[in-house]
Amino acid sequence: MSAYAYYPGCSLHGTATEYADSTELVCQALGIELHELDDWNCCGASSAHAVNPWLALGLVGRNLHLAQQTGLHQLLLPCAACFARFKETQHTLRHDPETAAQVAYVVGAEVPTDLDIEPLLAVLSQPEPLAELRAHLLQPLTGLKLAPYYGCLLTRPPDVTHFDDPEDPQTLDNLLRLIGAEVVDWPGKTVCCGASLALSRPDLVHDLSGQLLSWAEAAGADAIVTVCPMCHSNLDTRQNQIRHAHKGDYHLPIYYITELIGMALGFDSDRLGISRHVTEAATLLAQKLTPVPTPISAPALTSLAEVSHG
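The following refers to the structure shown. This is a predicted model, so every value here is computed, not measured.

A word on the overall build of the protein. Tallying secondary structure elements over the protein gives 16 helices and eight strands in all. Radius of gyration (C-alpha) of the protein: 19 Å, near the 19 Å computed for a compact globule of 310 residues. When the 310 residues of the protein are sorted by exposure, 51% land in the buried category. Counted over contacts in the protein with a minimum sequence separation of 6, partners at least 24 positions apart contribute 77%. Counting only carbon and sulfur atoms, one obtains 52% of the accessible surface of the protein, whose full area is about 13000 Å². When the 16 basic and 35 acidic side-chain charges of the protein are each reduced to a single mean position, those positions are 6 Å apart.

Right under this line is the structure:
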């Protein structure tokens, strides 16, 4: 198994527990060992850097120090917003020694700048997890037309994130194709959903998220697939608000990539958290997918891992 220091972020312990559950299930099944940071703190996404730059750097700096204490050189983050804050902080500390020294003083400890900070999407796309996924694909997503949504933070700015193409990324597309889905070509894959404006300008969020939903429907997508809890929250929970604002009548399921990989591996949809979505998302899967004889529930997880890796 490949071992990673693991920073879940606040959303996965709160409003995005389905992302946390599906991430842990899928990672265990694919041989990705997660070591959650002890006593981690919020990274400050998405407002800290706009309110107090020193606080933003210090919040991430403390978590980087905790990651170093695990003895692992690779740090995995499921949330695109967290990933952006960690990479921006690392970039700043690497290129500004004076700021690095001040942040170390704020943190009260050395802040490493040499950790490999990886988004979950990149880790899932490594050769070993891909081989495991191919070997244990029980329920291909044949018949599903999906719009891959990266959001605006995962690939930008490219000289900081160093992940995929900033305008036309393909990592998520390729994963969806691997598990049998049809990937639709649409213009919204890296367009902002307005997550940072969720409280201050919900009207703009309705416009931005509504535009994404409109593009996905126009492209023939059955659903949108994302890797960011903030993007998921906007696209999943605001469809009713958008309808009430007379800005579109959308009922489009929004999935995390880990939920769909979990379905492809044969996990039960309830265990993956799909039933917790605000916009109903279980019916589409039930209608489109050929069910496995006995979906894998939580108690069977260990046996699946043993079959995969023993």
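By the definition in use, this model includes nine salt bridges. Where Asp203 meets Arg201, a salt bridge forms, and the shortest distance between an N and an O atom there is 2.8 Å. On the basis of relative accessibility, which here comes to 32%, the residue Asp203 falls in the partly exposed class. For Lys288, the salt bridge identified is with Asp222, shortest N-O distance 3.9 Å. You can see Lys288 sitting in helix H15 (residues 282–288) and its partner Asp222 sitting in the loop between helix H10 (202–218) and strand S7 (223–226), a full 66 residues away along the chain. Among the residues examined, Asp222 registers a relative accessible area of 18% and is labelled buried. Salt bridges here are not isolated pairs; linked through shared partners, they connect Asp21, Arg271 and Arg276.

It is worth spelling out the packing of helix H1 (residues 17–29) against helix H13 (residues 257–265) at this point. The contact between H1 and H13 brings their axes to 8 Å, and the two run at 45°. Looking at the two axes, H1 sits oblique to H13. Where H1 crosses over H13, the two elements pack in a sense that is left-handed. Counting all contacts with H1, which are made through Glu18, Tyr19, Ser22, Thr23, Val26 and Ala29, the residues of H13 involved are Thr258, Glu259, Ile261, Gly262 and Leu265. Across the contact of H1 with H13, the residue classes break down as five nonpolar, four polar and two charged.

Moving on to a nonpolar patch on the surface. Nonpolar side chains collect at one region of the surface, where Trp54, Tyr105 and Val106 lie side by side and expose about 390 Å² of accessible area between them. Position of Val106 relative to the elements: it lies in helix H5 (residues 97–107). Here Val106 falls in the exposed class, since its relative accessible area comes to 52%.

Here the largest pocket is characterised by a volume of approximately 310 Å³. Lining of the largest pocket is provided by 25 residues; of these, Ser46, Ala81, Ala84, Cys152 and Leu153 occupy positions nearest its centre. For the lining of the largest pocket, the secondary-structure elements that each account for two or more residues are helix H4 (80–95), helix H8 (158–161) and helix H11 (229–237). Take the lining of the largest pocket: its biggest share by element is five residues, from H4. Among the residues making up the lining of the largest pocket, the classes are represented as 16 nonpolar, six polar and three charged. Reported here for the second largest pocket is a volume of approximately 260 Å³. In this structure, the second largest pocket is lined by 15 residues; those nearest its centre are Ser46, Ala195, Ala198, Leu199 and Met230.

What counts, and at which threshold
Residues numbered from 1 in each chain as written. Predicted model: local features only at pLDDT ≥ 70, side-chain atom pairs only at ≥ 80, totals over all residues. Heavy atoms only, no water. Helix = DSSP H or I, 4+ residues; strand = E, 2+ residues; numbered from the N terminus. Rg over C-alpha atoms; globule rule 2.2 N^0.38 Å. Buried < 20%, exposed > 50% of the residue type's maximum accessible area, 1.4 Å probe, protein only. Contact = heavy atoms within 4.5 Å. Areas by Shrake-Rupley, 256 points an atom, 1.4 Å probe, with all protein chains shown as cover. Lys, Arg positive; Asp, Glu negative; His and termini not counted. Charge placed at Lys NZ, Arg CZ, Asp CG, Glu CD. Salt bridge = Lys/Arg side-chain N within 4 Å of Asp/Glu carboxyl O. Axes fitted to C-alpha atoms, helices over the stretch in contact; angles between N-to-C directions. Parallel < 35°, antiparallel > 145°, perpendicular 65-115°, else oblique. Left-handed = near helix turned anticlockwise from the far one by under 90°. Nonpolar A, V, L, I, M, F, W, Y, C, P; charged D, E, K, R; others polar. Patch = residues over 30% accessible without salt bridge, like charges linked within 9 Å, V, L, I, M, F, W, Y side chains within 5 Å. 1 Å grid on protein atoms, 1.4 Å probe; cavity = no way out; pocket = protein on both sides within 12 Å on 5 of 7 lines; lining within 4 Å. Points joined across faces, edges and corners; volume = space filled by probe spheres on them.

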